[in-house]
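# Summary of structural features
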Amino acid sequence: MRIAILSRNAKLYSTRRLVEAAKSYGHEVEVLDSLKCYMDIASHDPAVHYRGEELAPFDAVIPRIGASVTFYGAAVVRQFEMMGTYCLNESVAITRSRDKLRSLQILSRAGIGLPVTAFANSTDATSKLIDIVGGAPLVVKLLESTQGKGVVLCETRSAAEAIIEAFRGLKANFLVQEYIKEAGGADLRCFVIGNRVVAAMKRQGKPGEFRSNLHRGGAASLIRLTPEERSTAVRAAQRLGLNVSGVDILRSNHGPVVLEVNSSPGLEGIEEATGRDVAGLIIEFIENNARPGKTKTRGKG
């Protein structure tokens, strides 16, 4: 098979592992910077060009689209879909997952556990927003946040009001969420491929840090999931239409709650913590599912 990996940096761990895995399974693989692709949008013969040449057909595309280039990256994925190329995660699913508000609304409609979340535009609603999530402490989260950036824990009501006022002053879109204190600064990263969790790790924030992101100094360790946690992770991924995803879950007093569903989950932390060849499992999934023209909008929302 000819496989393209859409990644802005071929030296990244996740990209390198996918290249290694694809080659070890006997496939031809090429890494493409999505921002350097350009498209011929013609109904009779759509094409993708790269570095001055039209790309030969691929059997499958693995999108590794960074949050900062979601709009253009998704457009490139959509172009490959128009050409009948199998895309591991489809453009609609990627954009759906990247819109934090939309994804939470979709998961809520499906009855999947979530932290109590509030959203408003008017400054008149600040006090009510805080009340909806049970008061302070609470979390204020920018809709465009990634890797824990733009996520603030407000210990008091006055601090929450000040942060909300500051974000509004910057004309930023944000969510207000309840703080799951019992999680103890830890979350679970569930790596979902198809209809099963293939690997899971616990991410523990460093002392004094409520965010557990590995990029922020968090530590990863192997974890055993409960059946309910596995089911929650798979349902969340499927509801958003993602074939491969990292589902972040908190253990709350009222069961597992989904923080986020990541459409381009990193491989380094999960492979090191679990010892599993996650990159190889992704390639196996592509081998079993990639077919010409097998592109459709999965999930709802």
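See the structure printed just above.
Below you will find a few notes about this structure. What you see is a predicted model, and the numbers here were worked out from it, not measured in a lab. (Residues numbered from 1 in each chain as written. Predicted model: local features only at pLDDT ≥ 70, side-chain atom pairs only at ≥ 80, totals over all residues. Heavy atoms only, no water.)

## Here's the deal with the overall build of the protein
The helix and strand inventory of the protein stands at nine helices and 16 strands. Computed over its C-alpha atoms, the radius of gyration of the protein comes to 20 Å, within 12% of the 19 Å expected for a compact globule of 301 residues. Counting only C-alpha atoms, the protein reaches 60 × 40 × 35 Å along its principal axes. Across the 301 residues of the protein, 52% fall into the buried class. Across the protein, every contact between residues at least 6 apart in sequence was considered, and the portion connecting residues at least 24 apart equals 68%. Surface accessibility of the protein: about 14,000 Å² in total, with carbon and sulfur atoms responsible for 49%. Averaged over its 40 positive side-chain charges, the protein has a centre that lies 3 Å from the centre of its 32 negative ones. (Helix = DSSP H or I, 4+ residues; strand = E, 2+ residues; numbered from the N terminus. Rg over C-alpha atoms; globule rule 2.2 N^0.38 Å. Buried < 20%, exposed > 50% of the residue type's maximum accessible area, 1.4 Å probe, protein only. Contact = heavy atoms within 4.5 Å. Areas by Shrake-Rupley, 256 points an atom, 1.4 Å probe, with all protein chains shown as cover. Lys, Arg positive; Asp, Glu negative; His and termini not counted. Charge placed at Lys NZ, Arg CZ, Asp CG, Glu CD.)

## Quick word on the pattern of salt bridges
What the rule picks out here adds up to 13 salt bridges. The partner of Arg157 in a salt bridge is Asp131, and the shortest N-O contact between them spans 3.0 Å. Highlighted residues: Arg157 in helix H6 (residues 157–169) and Asp131 in helix H5 (residues 126–132), separated in sequence by 26 residues. If you follow the salt bridges from partner to partner, you end up with Arg17, Glu20, Glu271 and Asp277 in one network. (Salt bridge = Lys/Arg side-chain N within 4 Å of Asp/Glu carboxyl O.)

## Some details on the sheet that holds strand S4 (residues 47–50)
Taken in spatial order, the three strands line up as S3-S4-S5 in an open sheet, and their pairing is antiparallel. If you trace the sheet from one side to the other, it starts and ends with strand S3 (37–40) and strand S5 (53–54), each paired once. Sheet topology places S3 next to S4; four bridges connect them, and they run antiparallel. Each residue of the ladder has a partner; that of Tyr38, found in S4, is His49. Each of S3 and S4 touches helix H2 (residues 70–82); the most contacted strand, S3, lies at about 50 degrees to it. (Pairing = 2+ DSSP bridges. Axes fitted to C-alpha atoms, helices over the stretch in contact; angles between N-to-C directions.)

## Here we look at helix H1 (residues 13–24)
With twelve residues, H1 should cover 16 Å at 1.5 Å per step; its first-to-last C-alpha distance of 16 Å lies within 8% of that length. Considered for burial, the residues of H1 that qualify are Ser14, Thr15, Arg17, Leu18, Val19, Ala21 and Ala22. Tucked inside the fold, the buried residues of H1 contact strand S1 (2–6), strand S2 (28–32), strand S6 (60–63), helix H8 (268–274) and helix H9 (278–289). Positive phi shows up at Gly26, right after H1, with a value of about 85 degrees. (Expected span 1.5 Å × (residues − 1).)

## Structural notes on the pairing of S4
Moving residue by residue along a regular strand, the side chains alternate between the two faces of the sheet. Of the two faces of S4, the one carrying Ala47 and His49 and the one carrying Val48 and Tyr50 are both buried. Connecting S3 to the next strand, S4, in antiparallel fashion are six residues. As paired elements, S4 and S5 share two bridges and run antiparallel to each other. Residue pairing across strands places Tyr50 opposite Glu53, the latter belonging to S5. Between S4 and S5, which follow one another and run antiparallel, lie two residues, and Arg51 among them has a positive phi close to 50 degrees.

## A few points about the sheet that holds strand S12 (residues 186–193)
If you walk across this open sheet you meet the five strands as S14-S13-S12-S15-S16, and the pairing is antiparallel. What marks the edges here is a single partner per strand, and that holds for strand S14 (219–222) and strand S16 (255–262). Taking each pair of neighbouring strands and ignoring which way they run, the sheet shows an average axis angle of 30 degrees. Where strand S15 (residues 244–252) lies against S16, seven bridges are found, and the strand directions are antiparallel. Of the residues in S16, the one forming a bridge with Ser252 is Gly255. The sheet strands contacting helix H7 (residues 227–240) are S12, strand S13 (196–204), S15 and S16, and the helix crosses S15 at an angle near 135 degrees.

## Brief notes about the packing of helix H4 (residues 100–109) against H7
Across the interface, H4 lies against H7 with an axial gap of 10 Å and an inter-helix angle of 120 degrees. Pair H4 / H7 crosses with right-handed handedness. When H4 is examined against H7, the residues Ser103, Ile106, Leu107 and Arg109 are found in contact with a partner set consisting of Ala236, Arg239 and Leu240. (Left-handed = near helix turned anticlockwise from the far one by under 90°.)

## Some details on unusual backbone geometry
Here the residue pair Ala136 and Pro137 is connected by a cis peptide bond, since its omega of 0 degrees sits within 30 degrees of zero. Of note in this structure, Lys171 is not a glycine but carries a positive phi near 55 degrees. Mapped onto the elements, Lys171 comes out in the loop between H6 and strand S11 (174–178). Under the relative-accessibility criterion, Lys171 is labelled exposed at 75%.

## Observations concerning the packing of aromatic side chains
Within this structure, the stated rule accounts for two aromatic pairs. Note on Phe58 and Phe80: the rings are 6.3 Å apart at their centroids and 75 degrees apart in plane angle, and the pair reads as edge-to-face. With a gap of 22 residues between them, Phe58 in the loop between S5 and S6 and Phe80 in helix H2 connect regions that are remote in the sequence. By relative accessible area, which is 7% here, Phe58 ends up buried. Of the residues examined, Phe80 reaches a relative accessible area of 1% and is grouped as buried. Look at Phe167 and Phe174: their rings are 5.9 Å apart centre to centre, the planes differ by 55 degrees, and that puts the pair in the tilted class. Taking the relative accessible area as the measure of exposure, Phe167 reaches 12% and is therefore buried. The positively charged end of Arg2 is found above the aromatic ring belonging to Phe58, 4.2 Å away from the centroid. (Phe/Tyr/Trp six-rings, centres within 6.5 Å; stacked < 30°, edge-to-face > 60°. Lys NZ or Arg CZ within 6 Å of the ring centre and 35° of its normal.)

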